[in-house]
Every structure is written in C-alpha cells, then in structure tokens.
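Descriptive structure summary
Residue-level listing of the chains:
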Amino acid sequence: MISNIETITIFEGFPARATRGYLGWSSVHLIKVNKKGTTYNYLFDTGGYNERIFLLKKLSELSIEQGDIHGIILSHLHFDHAVNWTLFPEAQIYVNEKEFQENTQDLAIPDFHQKELRSSSKLNLVSDGADIEGMTIIGAPGHTPGMIALDVGGKVFASDAIKNRSELTHGPLGVVWDKEEAIKSIRKLSGLAHTLYPGHDVPLVKKNNIWVASYDANETLLLAPDLLDVRSNNTIHLSIPHC
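Residues numbered from 1 in each chain as written. Predicted model: local features only at pLDDT ≥ 70, side-chain atom pairs only at ≥ 80, totals over all residues. Heavy atoms only, no water.

1. Overview of unusual backbone geometry
Notably, E133 is not glycine yet its phi reads approximately 55°, a positive angle. Mapped onto the elements of the fold, E133 is located in the loop between β9 (131-132) and β10 (135-139). A positive phi angle is found at N209, which is not glycine, with a value near 65°. Overall, the relative accessible area of 64% leaves N209 in the exposed class. (Helix = DSSP H or I, 4+ residues; strand = E, 2+ residues; numbered from the N terminus. Buried < 20%, exposed > 50% of the residue type's maximum accessible area, 1.4 Å probe, protein only.)

Below, the structure is given as structure tokens:
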C-alpha cells in the first residue's frame, strides 16, 4: 500500500448481460493522491453514458465536483468504460496509443469517440511501466489491443483484462481481441496483485492460493411504478455469492 494514495470504489462491476445485449455495468474507481498537502483526484475508467448522472452524484457525495478531477486513466475505449471523460474539463486523460488503431470490427467503441479523444489537448499517451503520481500503468492487451491496467501498491485495477472471477479461475474468456494475449495478461496481472479489481465483478483476493470474490456481487433493478404487486416494491435483486 502506498501511504499517500487512497482508493475508493465509485461503481462496482457486475458480471451479467441480457439476452438483448451487454448491460455494461462496469467498475469505476476514484484514486486520491496526496502530494505535499494537496489532494489530486484521479478516475480509473468512467462508466457508461447511462451512468453519468449517478457518477456525478456519487462524486458530489464525496465533495468532489467535475472540476476537481485532475486525471482520468482509461483502460480502453469501450462504451461502458470510457465515454464520460467529457464531463471533467480539467482532467488529463491517459490512454494507450494502441486504442486508437483502426479497428472497424470493434463495435463496442462508440462512433466518433476515438476521433474526439484523439484531438483533445488533454490527451496523454501511456504505455507499460509509465508512472502517474506513484501509480504504475500495466500493459494488458487481449480484450483490446491497447488495454491497460493500473497498479497501486499491489492493488491492481484490471478492468476488462480480467472481467470477472470466472475468467481468472477457470474461464471461459468473454469477448477478446486476441485470446492468447488475454491469457498472458491475466497471468501477468494475477502475479502482481494482492487484490484484483475486475471490470465487471467485485474485488478478488487470494485465499489458500485461490482467487475468490471478496463478498457477494449485488445489483438491484428498479421497475417502472405499479408494474408489480406493491408488496414487491417493484424491485428485482440480483446476487452472486462470493464463494
């Protein structure tokens, strides 16, 4: 653990999808770096466009406004991780250059997104081993060509390099650009970490030399009013046990 860095999970990922497509419930983390009495706020990923109102609300509850985010580290450019960088006008944006490769087959990258980000004056291109205020960028290709993770003193924020506990323990892999590269990255990140933060699951820790979820993964669906019996409170609870 690095003494001057605090990590706070804003959104936890959830390992599920619907029959009509991907839910995109991905993890978002706030990293607070204290440097000579001044706190610098970084986000690792930004969630999906549908989550931006709640992202700002959760940050505000921590007394952090849009102009208080100093840096955003984007693991990759998929719709459920990267699109909210535009909310933070003061933030430097950190991305691996390989995420800008022409890849017309990757339909998870929103239209025009690469072009707009590429033209930003705040863009910083980073690669494996780069240091950002004591945090280390880890190249983790496989899910996408330029996928990156972040090592914060043994806490490894893996994003979709390790989407969920299943990919880490027994597979199969979810959608990947290169299966062999993805497997190498999973091994690499799991060898560096004491705690892993997947893109779509709760934190993972090692117990008896086996990676397990720290606790149950929970989500709640809120249905439109009066669809069900009032006693149900119009909610559907989803839970995946941690064992």
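After presenting the structure, the write-up continues.
2. Notes on the environment of D68
Looking at the element boundaries, D68 is found in the loop between α1 (52-61) and β6 (69-73). Taking the C-alpha atoms as reference points, D68 and P89, 21 residues apart in sequence, are found 9.3 Å from one another.

3. Topic: the sheet that holds strand β1 (residues 5-11)
What the six strands build is an open sheet, ordered β1-β4-β5-β6-β7-β8; its pairing is mixed. If you trace the sheet from one side to the other, it starts and ends with β1 and β8 (123-126), each paired once. If you compare each strand with its neighbour and ignore which way they point, the axes differ by 25° on average. Seen against the sheet, α1 touches β1, β4 (28-35), β5 (38-44) and β6 and runs at an angle of roughly 140° to β1. (Pairing = 2+ DSSP bridges. Axes fitted to C-alpha atoms, helices over the stretch in contact; angles between N-to-C directions. Contact = heavy atoms within 4.5 Å.)

4. Digging into α1
The set of residues buried in α1 consists of R52, L55 and L59. Down the axis of α1, the sector holding all buried residues measures 55°, keeping them to one side. Exposed side of α1, more than 90 degrees from the buried face: I53, F54 and E61 are the residues found there. Buried positions along α1 lie against β1, β4, β5 and β6. S63 lies just past α1 and shows a positive phi near 65°. (Arc of directions from axis to C-beta.)

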